[in-house]
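Each chain, letter by letter, is given below.
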Amino acid sequence: MLSLHRLLEQAELELNLLVPGEGEGTDRELLWLHNTELADPAPYVRPGELVLTNGVWLDEADPTSFVDAVHRADAAGIVFGLRKETPATPPELIEACRRIGLPLAEISIEVPFTAVTRAAATLLAESRLSELSGTVRRSGALASAISRGAGAAGILQVVRQDHDLPLVVVDRTGHQLAGTQVDLSPAQLRDATRALTRHPPPLETELDGTTASIFLVTALADIDAGLFCLRAYRDLAPNEVAALEQAGTYLSLEAAKQQAVHAIEQRFAAEVLDMVQAGPSREADVAERLRTFGVDPTGPVAVLAIAGPSAATGQMSHDAETVTDLLLDQGLAALVVGGSRETIAFVSWPQAGRMSLRAVGEELQRRIFRTRGAGRVLVAIGGVSPTSAGLGTMLMQARETCRAMQAQADGPVVQEFGDVDSHRLLVAMLDRETLGRFARGVLGELRAQDRSGDLESTLRTFLELDGHYGATAERLHIHVNTLRNRLGRLAELTRRDVRTTDGRVDLFLALQADSLS
């Protein structure tokens, strides 16, 4: 970087600093040099230029107005060239520069301004060569980090060799991929995720009160992650910004590589679902595939289904890699398959009873919910198969438990197959169109004739109170005979007698189906 400070260090220029200036002072980066003898050079001087002058303008203007003009142009300072007519820098010029905090240096009569220009050109070339060499060297180190599989952490270590900065890489799902000097809190991770999903993403953001600069990590034209530096952008030196931008480029390459690997792994894992559902004919293939992912097919294997609140068609409810990492944190190897409705995890379950499957599910649910910060996260436990040969049943149970949980807006967020009411499982197994047809077939005539809604209200209350006549009549504030008349009318309109077990079951299921259709 070219600066007045570096020019002052060149002994051959015989520069003498008279006023150090304020702020960055002599350390301010110089755009270039500007030689002028105009009384008002402001229209021609660019911000950041160093003004070189012999003071010929002294016959037309006073030093104060000249310095004010230079300051107005946002110049980086003045170098006053001594000559026979002015063998010393005018005191008024020194005082004017000191008043506004503008750096001022003088140069001896024997040294021409051309020498300053040549020195500046040499220093600038050396600086750019040094920056280029640093970029090339860092580029080689970054490429080496990727080739040897060091990942995001290896890339950050390369940057750390040159710049002592607090850095962290966060993906769009709120997962911290790597960090130096810092581990983000859950609140900071949520703030980072929100920043990455904004359009367009900001140059800076607040991470739970800490200002951070963002350098985007893109793969396949999408923003997949961000390199966050926990410093304000304005506080970063140009060479630091250049290094972070370069690191962001290599992180993008790493993200693209990891995406390709992850996509292959997911396709490889997704085939397991078809194999499991195929039954005994594919048991050997299932065992081999599980073994590839570190899951022992000869030992117990648990099956979990994880679902989020708003997984749209074609959109994974949770990132399979995130679920895998969370299970690994609990010491459990797993093959995890992401999907649009739920994420399925085949978990190698330890023989020793040192932990419960429910406890694992509850911890998994808490940690996923913490990364999301909002919404309902469900973990359904299908059960444990003694070996991989019985996974078909466990998979079905996990999925049906998950469907039943999704049908209950205020139900539990972690549930085992054995805990779910049988009617909820049966209803959850049917699609909405089928449920709607069933509900309309049973309740359609009732709703057409029951304009006041008294009959349906009576039905719901009667079922809620387990068919108790006295309690139902009391709740509805009617006579028992009136209740009997209403139940008789219900039987006529629905062709189901709520006073019998068969009729009561059909009417109860129809109301359940109607709420889900």
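These lines cover the structure that appears in this document, whether it is placed above or below. (Residues numbered from 1 in each chain as written. Predicted model: local features only at pLDDT ≥ 70, side-chain atom pairs only at ≥ 80, totals over all residues. Heavy atoms only, no water.)

Moving on, we come to the overall build of the protein. When helices and strands are counted, the protein shows 17 helices and 15 strands. Excluding contacts between residues fewer than 6 apart, the proportion of contacts in the protein whose partners are at least 24 apart in sequence is 63%. (Helix = DSSP H or I, 4+ residues; strand = E, 2+ residues; numbered from the N terminus. Contact = heavy atoms within 4.5 Å.)

Turning our eyes to something else, we now look at the nonpolar core. V303, F346 and L391 are the most contacted members of the largest nonpolar core, which has 24 residues in total. With six residues, the top contributor of residues to this core is helix α11 (residues 391–406). Filtering out sequence-adjacent residues up to four positions away, L391 remains in contact with V276, V286, L290, V301, V303, F346 and S385. (Core = buried A, V, L, I, M, F, W, Y, C linked by side-chain atoms within 4.5 Å. Buried < 20%, exposed > 50% of the residue type's maximum accessible area, 1.4 Å probe, protein only.)

Attention now goes to the environment of L184. You can see L184 is positioned in the loop between β7 (176–180) and α6 (186–196). Exposure remark for L184: the relative accessible area of 9% places this residue in the buried category. Distance from L184 to V168, taken between C-alpha atoms, is 8.0 Å for residues 16 residues apart in sequence. Excluding anything up to four places from it in sequence, L184 contacts V168, V170, Q176, L189, L207 and L230.

Here the focus is the sheet that holds strand β3 (residues 50–53). What the five strands build is an open sheet, ordered β1-β5-β4-β3-β2; its pairing is mixed. Strand pairing shows two members of the sheet lacking a second neighbour, β1 (15–19) and β2 (33–35), which therefore form its edges. Strand-to-strand twist across the sheet, computed as the mean angle between neighbouring axes with direction ignored, equals 25°. Across four bridges, β1 lies against strand β5 (residues 104–107) in antiparallel orientation. Opposite N16, over in β5, you have E106 as the bridge partner. Strand contacts of helix α3 (residues 91–100): β1, β4 (77–81) and β5, with the helix running at about 60° to β1, the strand carrying the most contacts. (Pairing = 2+ DSSP bridges. Axes fitted to C-alpha atoms, helices over the stretch in contact; angles between N-to-C directions.)

Turning next to helix α15 (residues 469–476). The set of residues buried in α15 consists of T472, A473 and L476. Buried residues in α15, looked at end-on, bunch into an arc of 95°, giving them a common side. Positive phi appears at H477, one or two residues downstream of α15, with a value of about 60°. (Arc of directions from axis to C-beta.)

Next up on the list: the pattern of salt bridges. For the coordinates displayed, the defined rule picks out 23 salt bridges. Close ionic contact of D74 with R28 constitutes a salt bridge, the shortest N to O distance being 3.1 Å. Of this pair, D74 sits in the loop between α2 (63–72) and β4 while R28 sits in the loop between β1 and β2; the two residues are 46 residues apart in sequence, bridging distant segments of the chain. For D74, a relative accessible area of 37% translates into the label partly exposed. Note that E416 and R358 form a salt bridge whose closest N and O atoms lie 3.3 Å from each other. (Salt bridge = Lys/Arg side-chain N within 4 Å of Asp/Glu carboxyl O.)

Glancing now at the sheet that holds strand β13 (residues 343–348). The sheet built from five strands is open, its strands ordered β12-β13-β11-β14-β15 with mixed pairing. The sheet terminates laterally at β12 (334–337) and β15 (414–416), the two strands that pair on one side only. Adjacent strand axes in the sheet meet at a mean angle of 20° when their direction is disregarded. Of the strand pairs in this sheet, strand β11 (residues 301–307) and strand β14 (residues 378–385) are connected by seven bridges, and their pairing is antiparallel. Residue pairing across strands places L304 opposite I381, the latter belonging to β14. In the packing of α11 onto the sheet, contacts are made with β11, β13, β14 and β15, and the angle to β14 comes to roughly 160°.

Take the pairing of β12 next. Alternating residues of β12 divide into A334 and V336 and L335 and V337, and every residue in both groups is buried. Sheet topology places β12 next to β13; four bridges connect them, and they run antiparallel. Note on β13: the bridge partner recorded for V337 is I344.

Viewed as axis vectors pointing N to C, α15 and helix α16 (residues 480–494) meet at an angle of 100°, and their least axial separation amounts to 9 Å. Classed by the angle they form, the pair α15 and α16 counts as roughly perpendicular. Here Y469, T472, A473 and L476 of α15 come into contact with α16, specifically with V480, L483, R484, R486 and L487. A per-class count over the contact of α15 with α16 returns six nonpolar, one polar and two charged. (Parallel < 35°, antiparallel > 145°, perpendicular 65-115°, else oblique. Nonpolar A, V, L, I, M, F, W, Y, C, P; charged D, E, K, R; others polar.)

Time to look at the packing of α2 against α3. The interhelical angle for the contact between α2 and α3, taken along N-to-C directions, is 40°, at an axis separation of 8 Å. On the basis of the axis angle, α2 is oblique to α3. Viewed along their axes, α2 and α3 form a crossing whose handedness is right-handed. Of the residues in α3, those touching α2 at P63, T64, V67, D68 and H71 are E92, L93, A96, C97, R99 and I100. Here the contact of α2 with α3 is built from residues that sort into six nonpolar, two polar and three charged. (Left-handed = near helix turned anticlockwise from the far one by under 90°.)

So, on to α11. Here α11 spans 22 Å end to end across 16 residues, near enough to the 22 Å set by a 1.5 Å rise per residue. Summarising burial for α11: 12 of the 16 residues are buried, a large majority. Within α11, the full set of buried residues consists of L391, M394, L395, Q397, A398, R399, E400, T401, C402, R403, A404 and M405. (Expected span 1.5 Å × (residues − 1).)

Right, let's get into the environment of A232. Along the chain, A232 turns up in the loop between β10 (222–229) and α7 (238–278). Judged by its relative accessible area of 7%, A232 is buried. Along the backbone, A232 and E204 are 28 residues apart, and their C-alpha atoms lie at a distance of 7.0 Å.

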